[in-house]
Amino acid sequence: VLANPSLNALEAVREFKENLQPNDVIVFTPKGEMIRLPIHATVLDFAFKIHTDVGSAAIGARVNQKVETLDHELRSGDTVEVLTSRKAQPTKDWLRYVRTARAKDYIKYARKLQRKEVIDQGKALFQWKAGKYGVNEDHPVMQELLAYFVIPNEEEFYYLLGSHKIDTQK
């Protein structure tokens, strides 16, 4: 616009889009901040580019005032507003449709923390239930439990127990 003040707003946007690098997508926040992303970037990539807290709490977005899912591919010129929820958490499926390394790395990190938390819950549950019988994780019956449930190691046992895939009554 500064180089050619005779352009109107629509012509300026069109010229701006033509001058973009072919491997980049330029999108905007609702406040007009410009965000550069790789081609084929999704709403989720945008959310993680804004902040990891925004990305990990994302549930969708308004793209050009239209509600879209997290896997929606962004195009240059889109205005994106991320919708979040305190209850949202990164899922394994998210890795299928993010394109940026930042988003992939954080999703993997968050999933690792989630798994550790479930393992800790499973271990606490086991200690509480087994403690009634005087059994702990060092007790020989632990190997029998792993064999009974066909589980390769204690960590996986605690994970399955913490995620309620093993009935505590068994």
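Look above for the structure.
The rules behind each value
- Residues numbered from 1 in each chain as written.
- Predicted model: local features only at pLDDT ≥ 70, side-chain atom pairs only at ≥ 80, totals over all residues.
- Heavy atoms only, no water.
- Salt bridge = Lys/Arg side-chain N within 4 Å of Asp/Glu carboxyl O.
- Helix = DSSP H or I, 4+ residues; strand = E, 2+ residues; numbered from the N terminus.
- Buried < 20%, exposed > 50% of the residue type's maximum accessible area, 1.4 Å probe, protein only.
- Contact = heavy atoms within 4.5 Å.
- Pairing = 2+ DSSP bridges.
- Axes fitted to C-alpha atoms, helices over the stretch in contact; angles between N-to-C directions.

**Q** Looking at this structure, how should I read the pattern of salt bridges?
**A** Between side chains of opposite charge, pairing is possible as soon as their charged atoms come close. Scanning the model with the defined rule gives seven salt bridges in all. For lysine 116, the salt bridge is made with aspartate 120, and the minimal N-O distance between the two is 3.1 Å. Highlighted residues: lysine 116 and aspartate 120, both in helix H5 (residues 101-131), separated by four residues, approximately one helical turn. The exposure class of lysine 116 is partly exposed, given its relative accessible area of 48%. With a relative accessible area of 40%, aspartate 120 lands in the partly exposed category. The network of salt bridges with shared partners includes Arg115, Glu155 and Glu156.

**Q** Honestly, the side chain of glutamine 114 in this entry has me stumped. Any pointers?
**A** With respect to the helices and strands, the residue glutamine 114 is situated in helix H5. Discounting chain neighbours no more than four positions away, the residues touching glutamine 114 are Gln89 and Pro90.

**Q** Explain the environment of threonine 91 here, please?
**A** With respect to the helices, strands and loops of the structure, threonine 91 is situated in the loop between strand S5 (80-84) and helix H4 (94-97). Given the relative accessible area of 32%, threonine 91 is considered partly exposed. Along the backbone, threonine 91 and lysine 108 are 17 residues apart, and their C-alpha atoms lie at a distance of 9.0 Å. The contacts of threonine 91, once residues within four sequence positions are left out, are Ile107 and Arg111.

**Q** Before we go on, may I ask you to explain the sheet that holds strand S4 (residues 66-68) in this structure?
**A** Sheets are built from strands that pair by backbone hydrogen bonding, the pairs being arranged parallel or antiparallel. Read from one edge of the open sheet, three strands run S4-S3-S5, paired in antiparallel fashion. Edge positions in the sheet fall to S4 and S5, since each of these pairs with one other strand and no more. Pairs of neighbouring strands in the sheet enclose a mean axial angle of 30°, with direction left out of account. Pairing of strand S3 (residues 58-63) with S4 involves three bridges; the strand directions are antiparallel. In the strand pairing of S4, valine 63 is matched with lysine 66. Helix H2 (residues 43-50) rests against S3 and S5 of the sheet, and its axis sits at about 105° to S3.

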